[in-house]
Amino acid sequence: MSYLQFPVTPFEQNCSLVWCEQTRKAVIIDPGSRSLALENAIIENNLIIAAVLLTHGHWDHAGAGKLYADKYQVPINGPHFEDKFLLECLPDQAARFGLSAETEAYEPTSWLNEGDVFILGELTFEILHCPGHTPGHIVFVEKNTQHTWAGDVLFRGSVGRTDFPRSNSQDLIQSIKNKLLPLGQDMRIFPGHGPMTTIGIEEKSNPFLK
Ligand SMILES: [Zn+2]
Ligand SMILES: [Zn+2]
């Protein structure tokens, strides 16, 4: 497995390009806005885009989902159905920050549920439903290589905000404790914002998990 990250939107959201080295099949995870660096990396690495994957419906993660699905003629998978209300108001979300969305409202090709899997060549992403930051937030877990794309659930030293419509701070902590911590100390976590971390580091030092 290989990956590259590209900060997108004024929130420096980590859009990820992840691929299977054997098959060159790749996914774009959380394209909040268009990134020329991402598009160049796809060409330079000879990648075949298979899908756009979304952790949740916030604009900084989903704003260019439709743009890239159309450009590469691939499906959009995720988030969970509970985030439908957010994808329905993508342009409004962007406008609230004084920005123009690169998209109209859209629906993904398929919503994802707890226990679903997404196969990418030799990689298998397991889907966990982790509500709290948004009700339909999901994370993508690749157990063989021990990498998890966690969106805005867990950050290095922090957790996702819960002051948004339909956020729930109790749900968020339950999601982290019941779904993410059991992935084990060595699991690497790629958050939607900021640096990478591991479950071990967060278990030991994250003040929100005390
Ligand atoms: Zn978010
Ligand atoms: Zn975010």
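What counts, and at which threshold
- Residues numbered from 1 in each chain as written.
- Chains lettered and ligands numbered in written order.
- Predicted model: local features only at pLDDT ≥ 70, side-chain atom pairs only at ≥ 80, totals over all residues.
- Heavy atoms only, no water.
- Helix = DSSP H or I, 4+ residues; strand = E, 2+ residues; numbered from the N terminus.
- Buried < 20%, exposed > 50% of the residue type's maximum accessible area, 1.4 Å probe, protein only.
- Contact = heavy atoms within 4.5 Å.
- Pairing = 2+ DSSP bridges.
- Phe/Tyr/Trp six-rings, centres within 6.5 Å; stacked < 30°, edge-to-face > 60°.
- Lys NZ or Arg CZ within 6 Å of the ring centre and 35° of its normal.
- Polar contact = N/O pair within 3.5 Å; in protein donor to acceptor, adjacent residues only side chain to side chain.
- Donors = N, O, S within 2.8 Å, 3.2 Å for Na, K, Ca; no water.
- Tetrahedral: all angles 85-135°; square planar, octahedral: opposite > 155°, others 65-115°.
- Axes fitted to C-alpha atoms, helices over the stretch in contact; angles between N-to-C directions.

As for its position among the elements, proline 75 is in the loop between helix H3 (65-72) and strand E5 (76-77). Given the relative accessible area of 30%, proline 75 is considered partly exposed. Not counting the four nearest positions on each side in its chain, proline 75 is found in contact with Ala50, Ala51, Val52 and Thr109.

Right, let's get into the sheet that holds strand E9 (residues 147-151). The strand order across the open sheet built from 6 strands is E6-E7-E8-E9-E12-E13, with neighbouring strands paired in mixed fashion. Either end of the sheet is taken by a strand with one partner, and the two such strands are strand E6 (117-120) and strand E13 (197-198). Sheet topology note: the E6/strand E7 (residues 123-129) ladder contains 4 bridges and is antiparallel. Paired with valine 117 across the two strands is glutamate 126, which belongs to E7.

What follows deals with the packing of aromatic side chains. Counted by the stated rule, this structure contains 7 aromatic pairs. Counting every residue linked through ring pairs, the aromatic cluster contains Tyr3, Phe125, Trp149 and Phe190. Across the ring face of phenylalanine 85, the terminal group of arginine 166 is positioned such that the distance to the ring centre comes to 3.9 Å.

Moving on, we get to the side chain of aspartate 60. Residue placement: aspartate 60 occurs in helix H2 (residues 59-62). At 3.4 Å, the side chain of aspartate 60 and the side chain of histidine 61 are in polar contact. Side chain to side chain, aspartate 60 and histidine 193 meet in a polar contact 3.1 Å long. Sequence-distant contacts of aspartate 60, that is, excluding residues within four places in its chain, are made with Val8, Thr9, Phe11, Gln13, Asp30, Gly32, Asp152 and His193.

Okay, the coordination of the zinc ion (ligand 2) next. Distances from the zinc ion (ligand 2) to its protein donors, namely Asp60 (OD), His61 (NE2), Asp152 (OD) and His193 (NE2), fall within the range 2.1 to 2.4 Å. Of note is the zinc ion (ligand 2), whose 4 donor atoms meet at the metal with angles of 87 to 155 degrees in an arrangement that counts as irregular. Mapped onto the sequence, the donors of the zinc ion (ligand 2) take the spacing D-H-x90-D-x40-H. According to the relative accessible area criterion, histidine 61 is buried, its value standing at 0%.

The protein atoms that coordinate the zinc ion (ligand 1) are His56 (NE2), His58 (ND1), His133 (NE2) and Asp152 (OD), at distances spanning 2.1 to 2.3 Å. For the zinc ion (ligand 1), the 4 donor atoms in the first shell make angles of 89 to 167 degrees at the metal, so the coordination geometry reads as irregular. For the zinc ion (ligand 1), the donor residues sit on a single chain with the sequence spacing H-x1-H-x74-H-x18-D. The metal-metal distance between the zinc ion (ligand 1) and the zinc ion (ligand 2) is 3.5 Å, with aspartate 152 coordinating both. Taken together, the positions of histidine 58 in the loop between strand E4 (48-53) and H2 and histidine 133 in the loop between E7 and strand E8 (138-142) put the pair 75 residues apart, joining distant regions of the chain. Each member of the pair, histidine 58 as well as histidine 133, carries the same accessibility label: buried.

All right, on to the sheet that holds strand E3 (residues 25-29) then. Taken together, the 5 strands give an open sheet; going across it, the order is E1-E2-E3-E4-E5, and neighbouring strands pair in mixed fashion. Of all the strands in the sheet, just strand E1 (2-8) and E5 have a single pairing partner and so form its edges. Along the sheet face, H3 touches E3, E4 and E5 and points at about 155 degrees away from the line of E4.

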